[in-house]
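In case you want the letters, here they are:
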Amino acid sequence: MAATILLTGATDGIGLALARIWAGRAERLVLHGRRPIEEMGEALFTPEGYCRADLARAEAPAEVARFLEERGVDRLDLLVHNAGTGYFGDTAEQAGRSIRETVRVNLEAPIELTHRLLPLLRAAGGRVVFVSSIAATMPCAEYAVYAATKAALEGFARSLRIELAGEVDVQVVRPGATRTGMHAKTGVPPGRIDVERFPPAQKVAGEIVRAIDSNRSRTTIGLGNKLLVAAGRNLAVPLDGALRRKERRA
Amino acid sequence: MKRCLVTGAAAGIGRALALELSRAGFFVHGVDVDAAAGAATASELEGPSDFTIADLASDGDVARAAAELVERPPFDWVVHNAGINAVGAFARSELEPQRRVMAINLLAPLLLTAELLRAERIARGGSLVFVSSLSRFVGYPGAACYAASKDGLASYARSLSVSLAPRGIHVLTVYPGPTRTEHARRHSPPGSSEAKRMPPEELAVRIRRAVEARKRVLIPGAANRFSAALGHVAPRVAERAMKKLIFDKLPSAGPATS
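Here the structure is a predicted model, which is why all the values come from computation and not from measurement.

Colleague: In this structure, what is going on with the overall build of chain B? I would like to understand it.
Modeller: Summing up its helical and strand segments, chain B has ten helices and seven strands in all. For chain B, whose C-alpha radius of gyration is 18 Å, the value lies close to the compact-globule estimate of 18 Å for 258 residues. Residues classed as buried in chain B amount to 57% of the 258 residues present. Sequence separation of at least 24 residues holds for 67% of the intrachain contacts in chain B that already meet a minimum separation of 6. For chain B, the exposed surface amounts to about 10000 Å²; the carbon and sulfur share of it is 55%.

See the structure below:
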């Protein structure tokens, strides 16, 4: 298990579940989130180990890097980009502000943070993990910008992996729908999906940890999701055609 | 008269497309950051045209361009062609040029498309064209942020091809490989051959025909189709080839020391 870990988006959902798993195992665990520490009831969140920064702001990656520097963290075995945001609805109705924020948080922030922390990762021969989504691999009529940022993140990870081969490992993990607050936050209308049917964050986080330990450069979490990704990749023509017909009927 | 919008219309593939569509009888509305080159292209067009000068990396300019465009009649074809690259090992690159790459190649098309759709400025039965890159299939070490932007654009186009189906708007994604443009010349490893690159005029004709045939995917040319197929069935082989052909030849490649 990695010695020094930095995890973004650790206050909710899959991130919080990952933090709970690593809390007992990592030598040093630094958590990032947007919420004030007073809101976080768990002993997991301490002033020394919790960095509060809003990744929608351009300064955030520099603030996170400074937080590490001030605490003498000079090597990183594992950097996990888990923080993410999204918008559910018609592309024409997503405001420019929301488009910018989604691109900022899901794509630019992890890229810039990776850039700033590469020396620390290199010092440890460490690993960067990008938490993507199965949305990156299929058409998402109501999540178009979100899916685009995740596909872009995977494209970045792929080329970076080739560039850094032998120095720093680069991995992508792709969860599918998970039982978290993300759906409500992004504006999925209540009743549209049954969140209770999705696997709990704790289970998904456990599988993500196993995927990271497996060394595979890309892992889709869950058998059903693996099938969806394979269909999105290999059956694009019939799948997209069927989705278009469904959309026209709706 | 049919109307088209072409971003990055002053040079390269965008210029070739503007000329091609003008010859085909379109009113061409170009967008570009380079006013002088834009005026030069406009003077070569055979029909009427208009130009919006905007730096698509700037939030303010994108908003201004969008405000200008939604005041015009709807466009039959909208071509998101504008793109830049910043080549070099990511570890050694400056962040600012990488931000510009993502802003122009990905964020601007997302913002402009949303504004045009909101104002119903893409005609019913019209076409939306996104110029992605062959890197979608083979990766692009030495241009990780460019690869990111083009993958994002391809994903967005695929989602819209579904969500816009009820409005009758057709979406085409183009995956050009090496093209004989000034842009490609600037970003290729020293000594690479020009002859194998597709002339932009040829690409422009292929794009026009693909839109007319309402195709959804265009990988222009047999060599590019072969590379894309290789990338699909044997991604690791394609990645190794890209590393050898591009990344290892870059002046800034090799393990960085910090």
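And the narrative resumes.
Colleague: Mind showing me how you'd approach the confidence of the model for chain B here?
Modeller: Segments scoring low in pLDDT should not have their predicted coordinates read at a detailed level. Considering every residue of chain B, the mean pLDDT works out to 94; 97% of them sit at 70 or more. This complex was scored by the predictor with a pTM of 0.95 and an ipTM of 0.95.

Colleague: It is not clear to me how the pairing of strand S2 (residues 28-33) of chain A should be interpreted in this structure. Could you clarify?
Modeller: Within a regular strand, side chains alternate between the sheet's two faces. Residues and elements named next belong to chain A. For S2, the buried fraction is high: five of the six residues fall into the buried class. Examined bridge by bridge, strand S1 (residues 4-7) and S2 share four bridges and lie parallel to one another. Looking across to S2, one finds that Ile5 is bridged to Leu29. Read from S1 through helix H1 (residues 13-23) to S2, the crossover connection turns out right-handed. Pairing between S2 and strand S3 (residues 50-52): three bridges, direction parallel. Considered in S3, the bridge of Leu31 is made with Tyr50.

Colleague: Would you take a moment to explain the interface of chain A and chain B for this structure?
Modeller: Think of interface size as the accessible area that goes away when the parts come together; that is how it is often given. With 52 residues of chain A at the interface, the matching set in chain B holds 52 residues. Taken together, both faces of the contact between chain A and chain B bury some 4400 Å²; the carbon and sulfur share is 59%. Its salt-bridge partner being B:Arg167, residue A:Asp90 comes within 2.9 Å of it at the nearest N-O pair. In this structure, the connection of chain A to chain B is made through 23 residue pairs in polar contact (both at pLDDT 80 or more). Put simply, the parts of the chain that give the side of chain A that touches chain B at least two residues each are helix H3 (96-124), helix H4 (144-164), helix H7 (223-234) and helix H8 (236-249) of chain A. A per-class count over the side of chain A that touches chain B returns 25 nonpolar, eleven polar and 16 charged.

Colleague: Just checking my understanding: could you explain the sheet that holds strand S6 (residues 170-174) of chain B for this structure?
Modeller: Sheets are built from strands that pair by backbone hydrogen bonding, the pairs being arranged parallel or antiparallel. Residues and elements named next belong to chain B. Ordered in space as S3-S2-S1-S4-S5-S6-S7, the seven strands form an open sheet in which the pairing is parallel. The sheet terminates laterally at strand S3 (49-53) and strand S7 (217-218), the two strands that pair on one side only. Pairing of strand S2 (residues 27-32) with S3 involves five bridges; the strand directions are parallel. In the strand pairing of S3, Gly30 is matched with Phe51. Strands in contact with helix H8 (residues 200-212) are strand S4 (75-80), strand S5 (122-131), S6 and S7; relative to S6, the strand with the most contacts, it is inclined by about 150°.

Colleague: Explanation requested: the nonpolar core in the structure shown.
Modeller: What tends to happen in soluble globular proteins is that the nonpolar side chains get buried as a cluster. Counting residues in each nonpolar core, the largest one holds 77 residues, and the members touching the most others are A:Leu68, A:Leu117, A:Phe156 and B:Leu128. Leave out the neighbours within four places in its chain, and A:Leu117 touches A:Leu6, A:Ala65, A:Leu68, A:Leu76 and A:Leu79. The next biggest cluster of nonpolar side chains, apart from the first, holds 29 residues, and it includes A:Ile5, A:Phe45, A:Val129 and A:Ala211.

Colleague: Sorry, what's going on with the sheet that holds S3(A) here?
Modeller: Residue and element names in this part refer to chain A. Taking strand neighbours across the sheet as the criterion, the seven strands line up as S3-S2-S1-S4-S5-S6-S7 in an open arrangement whose pairing is parallel. With one partner strand each, in any of the chains shown, S3 and strand S7 (218-220) form the two edges of the open sheet. The sheet shows a mean angle of 15° between the axes of neighbouring strands, direction not considered. Packed on one face of the sheet, helix H6 (residues 201-214) meets strand S4 (78-81), strand S5 (127-131), strand S6 (169-174) and S7 and runs near 150° to S6.

Colleague: Help me out: how do you make sense of the packing of H3(A) against helix H4 (residues 95-118) of chain B in this one?
Modeller: When two helices pack together, their arrangement is given by the angle between their axes and by how far apart the axes lie. At a minimum axis separation of 10 Å, H3(A) and H4(B) run at an interaxial angle of 165°. Put simply, H3(A) runs roughly antiparallel to H4(B). By crossing handedness, the relation of H3(A) to H4(B) is classed as right-handed. Where H3(A) abuts H4(B), its residues A:Gly96, A:Ile99, A:Arg100, A:Val103, A:Leu107, A:Glu108, A:Ile111, A:Glu112, A:His115 and A:Arg116 lie against B:Leu95, B:Arg99, B:Met102, B:Leu106, B:Leu107, B:Leu110, B:Leu111, B:Ala114 and B:Arg118. Split into classes, the residues belonging to the contact of H3(A) with H4(B) amount to eleven nonpolar, two polar and six charged.

Colleague: Got a minute to help me understand the packing of aromatic side chains in this structure?
Modeller: Remark: the centre distance and the inter-plane angle together describe each pair of aromatic rings, the angle taken between the planes. Residue and element names in this part refer to chain A. All chains considered together, the criterion is met by nine aromatic pairs over all chains. With centroids separated by 5.8 Å and ring planes inclined at 90°, the aromatic side chains of Phe130 and Phe156 adopt a geometry described as edge-to-face. Separated by 26 residues along the polypeptide, Phe130 in strand S5 and Phe156 in helix H4 bring together distant segments of the chain. A relative accessible area of 0% means that Phe156 is categorised as buried. On the numbers, 5.5 Å between centres and 50° between planes, the contact of Tyr143 with Tyr146 is tilted. One residue, Arg71, lies across the ring of Phe67, its end atom 3.7 Å from the ring centre.

Here is what the cut-offs are and how they apply
Residues numbered from 1 in each chain as written. Chains lettered and ligands numbered in written order. Predicted model: local features only at pLDDT ≥ 70, side-chain atom pairs only at ≥ 80, totals over all residues. Heavy atoms only, no water. Helix = DSSP H or I, 4+ residues; strand = E, 2+ residues; numbered from the N terminus. Rg over C-alpha atoms; globule rule 2.2 N^0.38 Å. Buried < 20%, exposed > 50% of the residue type's maximum accessible area, 1.4 Å probe, protein only. Contact = heavy atoms within 4.5 Å. Areas by Shrake-Rupley, 256 points an atom, 1.4 Å probe, with all protein chains shown as cover. pLDDT = per-residue confidence, 0-100. Pairing = 2+ DSSP bridges. Right-handed = clockwise from strand over helix to strand, strands pointing away. Buried area = accessible area lost by both parts, 1.4 Å probe. Salt bridge = Lys/Arg side-chain N within 4 Å of Asp/Glu carboxyl O. Polar contact = N/O pair within 3.5 Å; in protein donor to acceptor, adjacent residues only side chain to side chain. Nonpolar A, V, L, I, M, F, W, Y, C, P; charged D, E, K, R; others polar. Axes fitted to C-alpha atoms, helices over the stretch in contact; angles between N-to-C directions. Core = buried A, V, L, I, M, F, W, Y, C linked by side-chain atoms within 4.5 Å. Parallel < 35°, antiparallel > 145°, perpendicular 65-115°, else oblique. Left-handed = near helix turned anticlockwise from the far one by under 90°. Phe/Tyr/Trp six-rings, centres within 6.5 Å; stacked < 30°, edge-to-face > 60°. Lys NZ or Arg CZ within 6 Å of the ring centre and 35° of its normal.

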